[in-house]
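# Per-entry structural report
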Amino acid sequence: MQKKKVALLYGGKSVEHDISIRSAKNIFEAASKEKYDLYCIGIDKKGGWFLTEGIISEMSTGEELSLSLEFGKMIFKTENGKALNFDVAFPALHGTDGEDGNIQGLLEVAGIPYAGSDVMGSSIAMNKYYTKQVLEKQGIPVCKYLYFDYTHQPDFDQIEKNLGLPFIVKPINLGSSVGVSKVKSKEDFQKALDEAFKYDNEIIIEEFVTSRELECSVLVDGDQIKASVPGEIVVDKNYEFYTFEAKYVDGNAAKLEIPAKVPTHIEEAIKDLSINAFKAVGCQGFARVDVFYLEDRGICYINEINTIPGFTNSSMFPMMWKHDGYSFEGLIDTILDEAIYRFERKTRLKTNFNSGLE
Ligand SMILES: Nc1ncnc2c1ncn2[C@@H]1O[C@H](COP(=O)(O)OP(=O)(O)OP(=O)(O)O)[C@@H](O)[C@H]1O
Ligand SMILES: C[C@@H](N)C(=O)O
Ligand SMILES: [Mg+2]
Ligand SMILES: [Mg+2]
């Protein structure tokens, strides 16, 4: 069988650039070299695109790529004008421009099948405010929250009255806990706002949910939508929550338990909620759903959906699927097969209509 040409996109003009490099390295290593010719395309911190040998931090040492429109088709070209064709793309990108629908729109217009959610699912899931609005409409439980944009200075007393103390301040469209703060007193408040508004013009403020923190992964395998066994993150008491440092810097900050030790009916409820949340937001391919389990009350809230979850050594998405019988290599096959299958289904749709109009 002919090898498929896969564009592995990584890096990105995003605060999660370095995390994407870690994810892409693992995907590059795990992907079958018998089935795929992998083209590593690094997007540097300024947004430049480069064809690189493997996954590297200094992307600009690679060959610069350009995008051009020729006879109605968008194509990628190397410096010497050679056109690159791909059978499928894997955007191993996190956050801004990579996970929010922007790259997905570009790949749609370029006519390249791609792994994961399309423009709509990506952009809703990236936006923590719209995600909650959509989930609530479907009766999926979420915590209490308030929305603000840069034109409104939130009032501490008002927020405390609505959400209690402590509460959590987050940029709306970010990931890896960047810009997220826990506010325990009025003194913490301005710093938390400044931190979140550094990265986004919109923020969400949420009640602090005291709970066990669980994650559940969703995968489309053929026509089936599957939910993985949930995993639990037990964060060391030195950390107020699962911060960037606890995720990626301090290797001892978090213990990952797969499967999470929860009663069977809770495990089933989390799987159902995760699949329902995935569908409600219009996700495709795969995602990781972050969940709060309020043990005392026996209920769960959905925190957020990550449409391109981490594939790093400390990320649970591949670990949960490994537990459920998917090797890393098999997981990549499933994701890429689904992307191609979905693209073919879409290609069969009519894009012209004989209107009879002059
Ligand atoms: N409402 C909340 N109550 C308690 N803790 C919270 C709340 N929201 C977030 N947290 C804590 O902050 C962490 C980061 O939040 P969240 O997952 O929403 O952000 P993120 O930046 O999208 O992270 P990632 O994409 O890496 O999962 C959570 O893993 C959790 O530890
Ligand atoms: C990469 C990071 N946003 C995650 O959800 O794993
Ligand atoms: Mg996230
Ligand atoms: Mg999260």
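Residues numbered from 1 in each chain as written. Chains lettered and ligands numbered in written order. Predicted model: local features only at pLDDT ≥ 70, side-chain atom pairs only at ≥ 80, totals over all residues. Heavy atoms only, no water.

The chain has the name D-alanine--D-alanine ligase in an unreviewed UniProt entry, where Marinigracilibium pacificum is given as its organism. Quoted verbatim from the Sequence similarities (unreviewed entry) field of UniProt, the annotation for the chain is "Belongs to the D-alanine--D-alanine ligase family." (UniProt positions renumbered as here; feature names shortened; annotations may be inferred.)

Bringing the pairing of strand β13 (residues 212-221) into the picture now. Taken across its ten residues, β13 has eight buried, putting it largely inside the fold. Pairing of β13 with strand β14 (residues 224-227) involves four bridges; the strand directions are antiparallel. The residue bridging Val218 from the neighbouring strand is Ala227, located in β14. Hairpin geometry of β13 and β14 is characterised by an intervening segment of two residues between the two adjacent antiparallel strands and by a positive phi of about 65 degrees at Gly222. (Buried < 20%, exposed > 50% of the residue type's maximum accessible area, 1.4 Å probe, protein only. Helix = DSSP H or I, 4+ residues; strand = E, 2+ residues; numbered from the N terminus. Pairing = 2+ DSSP bridges.)

On to the packing of helix α4 (residues 128-137) against helix α8 (residues 264-281). Here α4 crosses α8 at 110 degrees, and the two axes come no closer than 9 Å. Comparing the axis directions of α4 and α8 gives the class roughly perpendicular. The crossing of α4 and α8 is right-handed. Contacts from Thr131, Val134 and Leu135 in α4 reach Ala277, Ala280 and Val281 in α8. Its residues placed into classes, the contact of α4 with α8 shows five nonpolar, one polar and no charged. (Axes fitted to C-alpha atoms, helices over the stretch in contact; angles between N-to-C directions. Parallel < 35°, antiparallel > 145°, perpendicular 65-115°, else oblique. Left-handed = near helix turned anticlockwise from the far one by under 90°. Contact = heavy atoms within 4.5 Å. Nonpolar A, V, L, I, M, F, W, Y, C, P; charged D, E, K, R; others polar.)

Further remarks concern the coordination of the magnesium ion (ligand 3). Protein-derived ligands of the magnesium ion (ligand 3) are Glu304 (OE), Glu304 (OE) and Asn306 (OD1), with the metal-ligand distances lying across 2.1 to 2.3 Å. Separating the magnesium ion (ligand 3) and the magnesium ion (ligand 4) is a distance of 3.8 Å, and Glu304 donates to both of them. Across this residue pair, the class does not change: Glu304 and Asn306 are buried. (Donors = N, O, S within 2.8 Å, 3.2 Å for Na, K, Ca; no water.)

For the coordinates displayed, the defined rule picks out 21 salt bridges. A salt bridge links Arg288 to Glu215; the shortest N-O distance between them is 3.1 Å. Of this pair, Arg288 sits in strand β17 (residues 286-294) while Glu215 sits in strand β13; the two residues are 73 residues apart in sequence, bridging distant segments of the chain. Assessed through its relative accessible area of 10%, Arg288 is described here as buried. (Salt bridge = Lys/Arg side-chain N within 4 Å of Asp/Glu carboxyl O.)

Our focus in this paragraph is the site of ligand 1. In the vicinity of ligand 1 there are 22 residues, among which Lys128, Lys170, Ser177, Glu213 and Lys247 approach most closely. The backbone of Val209 places a nitrogen or oxygen atom 2.8 Å from a nitrogen atom of ligand 1. About the coverage of ligand 1: the protein hides 96% of its 610 Å² of free accessible area. If you map ligand 1 onto the pockets, it falls in the largest pocket. Secondary-structure elements contributing two or more residues to the shell around ligand 1 are β10 (167-171), β12 (202-207), β17 and β18 (299-306). Residue classes in the shell around ligand 1 are distributed as eight nonpolar, five polar and nine charged. (Near = heavy atom within 4 Å. Polar contact = N/O pair within 3.5 Å; in protein donor to acceptor, adjacent residues only side chain to side chain. Areas by Shrake-Rupley, 256 points an atom, 1.4 Å probe, with all protein chains shown as cover. 1 Å grid on protein atoms, 1.4 Å probe; cavity = no way out; pocket = protein on both sides within 12 Å on 5 of 7 lines; lining within 4 Å. Sits in = over half its atoms within 2 Å of the grid points.)

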